[in-house]
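Listed below are the residues making up each chain.
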Amino acid sequence: ILMYVGVFFFSSRRRHTRFLPVSWARRCVQETVYPTLNLTQLLIQELKDQDTIVIPMFGNHEAFPVNVFDFKNDRESVFLRTLADSWVPFIGQETADFFAKYSYYSKYYVKYNLKVVALNTQACNLLNWFLLKDASDPGKMLKWLISELKEAESNNQNVYIIGHIPPGDECMGKWARRYHAIIERFYKSVKMQFYGHTHYDHFEIVRTLESPKKPVGVIMIAPSVTTFCGGYNCGLNPSFRLYHVGQANMYPLNYYQYRLNLSKWNDMPNVKQLQWDVAYNFLEEYNVTDMSPQTFEEIAKKFSEYNGCLLYTSDAADDLLCVDLGGRRIIKKKK
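Residues numbered from 1 in each chain as written. Predicted model: local features only at pLDDT ≥ 70, side-chain atom pairs only at ≥ 80, totals over all residues. Heavy atoms only, no water.

A. The arrangement of helix α2 (residues 34-47) in detail. Relative to the 20 Å expected for 14 residues at 1.5 Å per residue, α2 spans 20 Å between its end C-alpha atoms, a close match to the ideal helical length. Listed as buried for α2 are T36, L37 and T40. Angular distribution of buried residues about the axis of α2 spans 100 degrees; they occupy a single face of the element. Buried residues in α2 make contact with α3 (77-91). (Helix = DSSP H or I, 4+ residues; strand = E, 2+ residues; numbered from the N terminus. Expected span 1.5 Å × (residues − 1). Buried < 20%, exposed > 50% of the residue type's maximum accessible area, 1.4 Å probe, protein only. Arc of directions from axis to C-beta. Contact = heavy atoms within 4.5 Å.)

B. Highlighting the pairing of strand β7 (residues 215-221). Most of β7 sits out of view: 7 of its 7 residues are buried. Two strands pair when backbone bridges link them, and strand β5 (residues 190-195) and β7 are joined in this way by 3 bridges, in the parallel orientation. Opposite F194, over in β7, you have M220 as the bridge partner. Pairing analysis gives 6 bridges linking strand β6 (residues 202-207) to β7, with the strands arranged antiparallel. Each residue of the ladder has a partner; that of I205, found in β7, is V218. (Pairing = 2+ DSSP bridges.)

C. Structural view of the state of the cysteines. Taken as a whole, this structure holds 1 disulfide when the rule is applied. Linked covalently through their sulfurs, C124 and C171 form a disulfide whose S-S length is 2.2 Å. With the S-S dihedral at roughly -125 degrees, the linkage between C124 and C171 falls on the left-handed side. Within this pair, whereas C124 is found in the loop between β3 (114-118) and α5 (141-154), its partner C171 is found in the loop between β4 (158-162) and α6 (173-185), the two being separated by 47 residues in sequence. On the basis of relative accessible area, C124 is assigned to the buried category, the value being 0%. (Disulfide = S-S within 2.5 Å.)

D. Broad picture of the environment of I165. Here I165 is to be found in the loop between β4 and α6. Separated by 56 residues in sequence, I165 and I221 have C-alpha atoms that sit 9.1 Å apart. If sequence neighbours within four positions are ignored, I165 has contacts with N60, T121, Q122, N125, E170, C171, Y195 and H197.

E. Representation of the packing of α5 against α6 within the structure. One way to put it is that α5 packs onto α6 with a least axis distance of 11 Å and a crossing angle of 10 degrees. As the angle between them shows, α5 and α6 are arranged roughly parallel. Packed against α5, whose contacting residues are M141, L142, L145, I146, L149 and E153, the element α6 presents W175, R178, Y179, I182 and R185 at the interface. Per-class residue counts for the contact of α5 with α6 are 8 nonpolar, no polar and 3 charged. (Axes fitted to C-alpha atoms, helices over the stretch in contact; angles between N-to-C directions. Parallel < 35°, antiparallel > 145°, perpendicular 65-115°, else oblique. Nonpolar A, V, L, I, M, F, W, Y, C, P; charged D, E, K, R; others polar.)

Any functional reading would require information that these geometric values do not contain.
In structure tokens form, the structure reads like this:
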């Protein structure tokens, strides 16, 4: 039995940030989250008659001010409660209440024997100055993640992990290394890891910490629906991704990358409905037969053989060898 999993990464942005009195700051929080609420209502309306599971999680631009999130007190309570109330149709009241309290959550789907873990990656955001208080495990989320994965392992459940900032890309190295260690420990349970944030199409490989290093997981980083690309004139087209998975173990079999050719459709202003194109599918594009971590390792090796630089797909360490370019991490090929 086969099924499909769609991945969409949206971005809501505010261009101007001001420091305001508490009452005004609270109002700004509510105004900042409005685009997310509008999108949520649109999804509810469009999907109300469909048997579709939606797993929401916020990124680094939804809170106020942008990039900051305080795990130590109730500063984010209005923001979290507002999102939680809007997400009840997707995740249910009990899970929404848990999210409102902790800023992360998990939900189990009996039909697929699948536990989805949604992480708040503001816990590792390099631009979140509140992490000066606690950079190792803000909100005790990694501790909670371990307990969730232990439970899934004991019950022989499949696990998907979703988040915004990929561990290893604009994510604090200390936190990311702990995350990678957790994935190494539970790699048999964690079938897929979905992230976004960079707006680009790439991946990271999770390898064992001890030598010889072996690939045990892949962090899939999908491009975004928005065309924003960090201020660079990079000409991004809106994108979304559709994964083909096996229902028996929820393991990925292939994925299809869709893009909207803006140049093409801007030249046809009277068209009533736009057509998304399949840019590629993974198996055919890379001439491979599966989506195992070993396959991604071989693809990464080929990248390094044919190019002077390799799209950085490894651990959160080795920062001295890396150059950060528009949300992507490039590692120079060793001589």
